[in-house]
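Architecture and fold: a report
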Amino acid sequence: MPTIKILPHAEYCPQGAEVTAPAGTSICEALLEHHINIEHACEMSCACTTCHVIVKEGFDSLAPSEEEEDDLLDRAWGLQPQSRLSCQAILAQKDVVIEIPKYSINHAKENH
């Protein structure tokens, strides 16, 4: 099973974390299953950017993004070339390292 290394984030995982998940699982699903409560205001339906992550390592192992995701990412805070919506970034067999941006475009936090 691939490992997701999450770099430290003051709110979601201050010490950083490493979690495993089966290939075919989205990064968002894997984080939520391991109690890292990343924002996902649209309930993982690819309709917002609150689950935006930056894939520091293993970007090329993820399934390619589709046009809908790319269009949404244009609105994400802190967009970088290796940005993905974690609800759309599906794990393959390789490990990944991600950073959760400090901010999102959401003005209010959802409690999921």
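Structure shown above.
Residues numbered from 1 in each chain as written. Predicted model: local features only at pLDDT ≥ 70, side-chain atom pairs only at ≥ 80, totals over all residues. Heavy atoms only, no water.

**Regarding the sheet that holds strand β4 (residues 83-85)**
Spatial ordering of the open sheet is given by β2-β1-β5-β3-β4, a layout of five strands whose pairing is mixed. Strands with a single pairing partner mark the edges of an open sheet, and in this sheet they are β2 (17-20) and β4. Put simply, the sheet's adjacent strands are angled 35 degrees from each other on average, direction ignored. Strand direction decides the pairing type here: strand β3 (residues 52-57) and β4, joined by three bridges, are antiparallel. Pairing of I54 across the sheet is with S83, part of β4. (Pairing = 2+ DSSP bridges. Helix = DSSP H or I, 4+ residues; strand = E, 2+ residues; numbered from the N terminus. Axes fitted to C-alpha atoms, helices over the stretch in contact; angles between N-to-C directions.)

**Concerning the pairing of β3**
Along any regular strand the residues' side chains alternate between the sheet's two faces. In this sheet, strand β5 (residues 96-99) lies alongside β3 in antiparallel orientation, the contact comprising three bridges. Opposite I54, over in β5, you have E99 as the bridge partner.

**What about the nonpolar core?**
If you look at the biggest cluster of nonpolar residues, it comprises 28 residues, and the most contacted ones within it are I4, I6, I27, L31, I38, V96 and I98. At the level of elements, β1 (3-6), α1 (27-33), β3, α2 (67-73) and β5 are the ones that each hand at least two residues to this core. With five residues, the single largest contributor to this core is α1. The contact partners of I98, leaving out residues within four places of it in the chain, are I4, K5, I6, L7, I27, L31, V53, I54, V55 and K56. (Core = buried A, V, L, I, M, F, W, Y, C linked by side-chain atoms within 4.5 Å. Buried < 20%, exposed > 50% of the residue type's maximum accessible area, 1.4 Å probe, protein only. Contact = heavy atoms within 4.5 Å.)

**With respect to the side chain of H9**
Positionally, H9 belongs in the loop between β1 and β2. H9 has contacts with P14, I100, P101 and K102, leaving out every residue within four places of it along the chain.

**Here's the deal with the pattern of salt bridges**
Evaluation of the coordinates by the stated rule reveals two salt bridges. Here K56 ties to E99 by a salt bridge, and the two come within 3.2 Å at their closest N and O atoms. Pair noted here: K56 is in strand β3 and E99 is in strand β5, with a separation of 43 residues, a long-range link. Residue class for K56 comes out partly exposed when judged on its relative accessible area of 37%. One salt bridge connects E69 with R84, and the closest N-O pair in it is separated by 2.8 Å. Here E69, found in helix α2, pairs with R84, found in strand β4; they are 15 residues apart in sequence, far enough to count as distant. In this structure E69 comes out as buried when scored by relative accessible area, which is 2%. (Salt bridge = Lys/Arg side-chain N within 4 Å of Asp/Glu carboxyl O.)

**Notes on the side chain of H40**
With respect to the helices and strands, the residue H40 is situated in the loop between α1 and β3. For H40, a relative accessible area of 5% corresponds to the buried category. Within the structure, the side chain of H40 is placed 2.9 Å from the backbone oxygen of I38, a separation counted as a polar contact. (Polar contact = N/O pair within 3.5 Å; in protein donor to acceptor, adjacent residues only side chain to side chain.)

**Concerning the pairing of β1**
Pairing between β1 and β2: four bridges, direction antiparallel. Among the inter-strand pairings, I4 is bridged to a residue of β2, identified as V19. Both β1 and β5 contribute to a ladder of three bridges, which runs parallel. From the neighbouring strand, I4 faces β5, where its bridge partner is V96.

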